[in-house]
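Letter by letter, the chains look like this.
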Amino acid sequence: MSLYHYTDLAAVYSILKNNKLWLTDIRYLNDSLELHDGIAFLIEGVKAPSHDVFANFDYYEKAREYIIDSLIGLKTYGVSEDPLFLFSLSSESDCLSQWRAYGSYAIEFDKEILTSEVSSLFDCLYLDPQKNDKARLHARDAITVVRNDMVKNNGCLGVDALDAVISLSYDAVTFKHSGFSEEKESRIVLPSNDSEYPSNVKYRPRGDVLIPYIEVPITFDCIRSITVGPVQNQAMSYASMSEFVHDIERNWQVDSGNIEYELTVKKSVIPYRT
């Protein structure tokens, strides 16, 4: 199965030149309300978790309050010790709404190989019943972990409680409003303190804001093709990208020893409109 990352030419060039993906801090996404839908479902899930059999146990209410406060904190732009970073992909190829929203190029990834290289790849949920069920189930698990952690630490929080909240925040990132369902999005999600990418937070300017991001290395084995979108000078863009990709393909065949590796360039079939 393939997944597609729609983006601009500069990002395509950077990914192919450096073999790295840039994962953006979720607090600085283009849509300021991006997380709100997922957080709302999770808060309701914490208030009414699946099979609520622990309500009479010590620290149950304190565990719920801690989780809800943590989820609300995700919506702010405050300094965070453990922010999450993401990279968006779509299962839709040559999609007009994606071209309009995200850029003039699309990188095709092999989902299986990409998952093996980055590990934390999740499909987004759009239907409210699915989000409700998952939120209540994961809320129950998180409350149990946090409560047990408080019991073990005499009311204080330990590593297990922090990890439980981080796991819920992954859900917040992958719960999307049904109005975006045509994007059929999947997301790579990683914390900044992931042991494989320690102290890796960098910054890039966007308007008047510095956007935090982390770099995640990949191999060319997970990249199948580059599609040139419906741009004005598509033939010229296609020709120059083909020359560039040919060099990338040849170098990777030598470096990896995989002489059958192919990286193709395609043209969008959607006509350009001024």
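Not measured: the values here are computed from a predicted model.

Enquirer: Just checking my understanding: could you explain the overall build of the protein for this structure?
Expert: Regarding its fold elements, the protein presents 8 helices and 10 strands. Within the protein, the proportion of its 274 residues that are buried is 47%. Contacts in the protein between residues far apart in sequence, at least 24 positions, make up 82% of those at least 6 positions apart. Element-wise, carbon and sulfur atoms account for 51% of the exposed surface of the protein, whose accessible area totals about 14300 Å².

Enquirer: Would you explain a nonpolar patch on the surface in this entry?
Expert: Together, V201, Y203 and L210 make up a nonpolar patch on the protein surface, roughly 300 Å² of accessible area in all. Within the secondary structure, Y203 is located in strand β7 (residues 201-206).

Enquirer: Can you walk me through the side chain of R64 in this structure?
Expert: Residue position: R64 is located in helix α3 (residues 60-73). Within the structure, R64 has its side chain in polar contact with the backbone oxygen of K47 (distance 2.8 Å). Excluding residues that lie within four positions of it along the chain, R64 makes contacts with V46, K47, A48, P49 and I143.

Enquirer: How should helix α5 (residues 111-118) be read in this particular structure?
Expert: In an α-helix, one turn spans 3.6 residues; hence positions three or four apart end up facing the same way. Turning to α5, its buried residues are K111, L114 and V118. End-on, the buried residues of α5 take up no more than an arc of 65 degrees, which puts them together on one face. Among the exposed residues of α5, those pointing more than 90 degrees away from its buried face are E112 and S116. With a side-chain oxygen lying 3.1 Å from the backbone nitrogen of E112, the N-terminal cap of α5 falls on D110. Backbone geometry just after α5 places S119 at a positive phi near 70 degrees.

Enquirer: I tried to follow the packing of α3 against helix α6 (residues 128-152) on my own but got confused; where do I start?
Expert: To describe two helices that pack against each other, one gives the angle between their axes and the distance between the axes. Running from N to C, α3 and α6 cross one another at 120 degrees; their axes reach a closest spacing of 9 Å. As α3 packs across α6, the resulting crossing turns out to be right-handed. Contacts from Y60, K62, A63, R64, Y66 and I67 of α3 reach α6 at A142, I143, V146, R147 and M150. Grouping the amino acids of the contact of α3 with α6 by side-chain chemistry returns 8 nonpolar, no polar and 3 charged.

Enquirer: Looking at this model, I keep getting lost on the pairing of strand β8 (residues 209-217). Mind explaining?
Expert: Pairing of strand β2 (residues 20-25) with β8, which is carried by 5 bridges, proceeds in the antiparallel orientation. Across the sheet, residue W22 finds its bridge partner in β8, namely E215. Between the antiparallel neighbours β7 and β8 lie 2 residues, among them G207 with a positive phi of about 65 degrees.

Enquirer: It is not clear to me how the packing of aromatic side chains should be interpreted in this structure. Could you clarify?
Expert: By convention here, two paired aromatic rings are described through the distance between centres and the angle between planes. This structure, assessed with the given rule, holds 7 aromatic pairs. Both rings, one in Y6 and one in W99, keep their centres 4.8 Å apart while their planes meet at 75 degrees; by these two values the pair is edge-to-face. Within this pair, whereas Y6 is found in strand β1 (residues 2-7), its partner W99 is found in helix α4 (residues 96-102), the two being separated by 93 residues in sequence. Judged by relative accessible area, Y6 falls into the buried class, the value being 6%. When the centroid spacing of 5.3 Å and the interplanar angle of 25 degrees are considered together, the rings of Y13 and F244 count as stacked. With a gap of 231 residues between them, Y13 in helix α1 (residues 9-18) and F244 in helix α8 (residues 234-256) connect regions that are remote in the sequence. Across the ring face of F180, the terminal group of K176 is positioned such that the distance to the ring centre comes to 5.1 Å.

Enquirer: Help me understand the environment of N148 in this model?
Expert: Within the secondary structure, N148 sits in helix α6. Looking at N148, the relative accessible area reads 39%, which means it is partly exposed. For the pair formed by N148 and D160, sequence separation is 12 residues and the distance between their alpha carbons is 8.9 Å.

Enquirer: When you look at the confidence of the model for the protein in this model, what are you seeing that I'm missing?
Expert: As a general rule, the predicted coordinates of low-pLDDT regions are not to be interpreted in detail. With 89% of its residues at a pLDDT of 70 or more, the protein has an overall mean of 87. Mean pLDDT values for the elements of the protein range from 86 in helix α7 (residues 159-174) up to 97 in strand β4 (residues 105-110).

Analysis parameters
- Residues numbered from 1 in each chain as written.
- Predicted model: local features only at pLDDT ≥ 70, side-chain atom pairs only at ≥ 80, totals over all residues.
- Heavy atoms only, no water.
- Helix = DSSP H or I, 4+ residues; strand = E, 2+ residues; numbered from the N terminus.
- Buried < 20%, exposed > 50% of the residue type's maximum accessible area, 1.4 Å probe, protein only.
- Contact = heavy atoms within 4.5 Å.
- Areas by Shrake-Rupley, 256 points an atom, 1.4 Å probe, with all protein chains shown as cover.
- Patch = residues over 30% accessible without salt bridge, like charges linked within 9 Å, V, L, I, M, F, W, Y side chains within 5 Å.
- Salt bridge = Lys/Arg side-chain N within 4 Å of Asp/Glu carboxyl O.
- Polar contact = N/O pair within 3.5 Å; in protein donor to acceptor, adjacent residues only side chain to side chain.
- Arc of directions from axis to C-beta.
- Axes fitted to C-alpha atoms, helices over the stretch in contact; angles between N-to-C directions.
- Left-handed = near helix turned anticlockwise from the far one by under 90°.
- Nonpolar A, V, L, I, M, F, W, Y, C, P; charged D, E, K, R; others polar.
- Pairing = 2+ DSSP bridges.
- Phe/Tyr/Trp six-rings, centres within 6.5 Å; stacked < 30°, edge-to-face > 60°.
- Lys NZ or Arg CZ within 6 Å of the ring centre and 35° of its normal.
- pLDDT = per-residue confidence, 0-100.

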